[in-house]
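Chain by chain, the residues run as shown.
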Amino acid sequence: MKTLLHMQGLTKEYGNEKAVDNITFSLNKNTSTALIGPNGAGKTTTLSMLAGLLKQTNGSIVMDGEITGDIRREIGFLPQYPQFYSWLTALEFTEMAAKLSGVDTKIAKLEAEKTLEFVGLGDAKNKKTGTFSGGMKQRLGLAQAIVHKPSLLLLDEPVSALDPIGRREIMNLLKELQATTTILYSTHILNDAEEMTDQLLFLRKGKLVEQGSMREVREKYANPLYKILFL
Ligand code: ATP
């Protein structure tokens, strides 16, 4: 399988604290990987470095064989707490996101419309984002992350704040995206990871303490898996 992304010795220090401590791993093309760990494990910090929002203290990130440069077109990012301009409509917001991600301005509106349709917000495209429910906001957040058709999709706890229906909607969308997109998403809930994951990466206190397929990890630790997360 071809590697899309490789990070080597990735480290982020805040003062004397290592939020992320010497992490090395690879993501293969069109696979889904869950970054799993308790609060404060370093999930958001790792994703933020991969998304280019945070500069690492040490280590390298290589995508498709190149040290990452202009990654706007290559990467889509859904933050844990996505922010929207409440006075913009969903279509205006998604079109703006498309342009900021490098989509040709001539087709940005069309791409935004198609993407809103895909995430189930076609009927709400002309509504102001400030009127959206939590589930709609998360689907809008996903729309802005995929409108430029990134090869790598980074999702920070995409379903943690949602009710079961909202969770199901997002999981179904992610399953559709899996065929053509490499996905890395963080969660602290093992069941979320189990559903659509090829590889699990366990972070604890900034360190990568375990990785493998769900089956491998289960065999290694048997039950309860949670003990390696929370002890
Ligand atoms: P959660 O599940 O709560 O979102 P997380 O796994 O995403 O947690 P991070 O947010 O990456 O964890 O935080 C990792 C560690 O880095 C924590 O100890 C946190 O306090 C620390 N940290 C994060 N951002 C900063 C910052 N800007 N300054 C100082 N320390 C920080």
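Below is a summary of the structure that appears in this document. These numbers were taken from a predicted model, which means no experiment stands behind them.

### Here we look at the nonpolar core
Next up, step 1: Residues L121, L140, L142, L153, L155 and L174 are the most contacted members of the largest nonpolar core, which totals 38 residues.
Next up, step 2: No other element matches helix α4 (residues 134-146), which puts six residues into this core.
Next up, step 3: Other than its neighbours up to four places away in sequence, L153 contacts G76, L142, A145, I146, L174, L177, T181, T182, I183 and L184.
Next up, step 4: Formed by 23 residues, the second largest nonpolar core is a distinct cluster that contains M7, F25, I61 and I75.

### Considering the environment of K149
Next up, step 1: One can find K149 in the loop between α4 and β7 (152-156).
Next up, step 2: It is 25 Å that separates the C-alpha atoms of K149 and I165, two residues lying 16 residues apart in sequence.
Next up, step 3: Residues in contact with K149, not counting those within four places in the same chain, are R73 and E111.
Next up, step 4: A distance of 2.6 Å separates a polar atom in the side chain of K149 from a polar atom in the side chain of E111.

Analysis parameters
Residues numbered from 1 in each chain as written. Predicted model: local features only at pLDDT ≥ 70, side-chain atom pairs only at ≥ 80, totals over all residues. Heavy atoms only, no water. Core = buried A, V, L, I, M, F, W, Y, C linked by side-chain atoms within 4.5 Å. Buried < 20%, exposed > 50% of the residue type's maximum accessible area, 1.4 Å probe, protein only. Helix = DSSP H or I, 4+ residues; strand = E, 2+ residues; numbered from the N terminus. Contact = heavy atoms within 4.5 Å. Polar contact = N/O pair within 3.5 Å; in protein donor to acceptor, adjacent residues only side chain to side chain.

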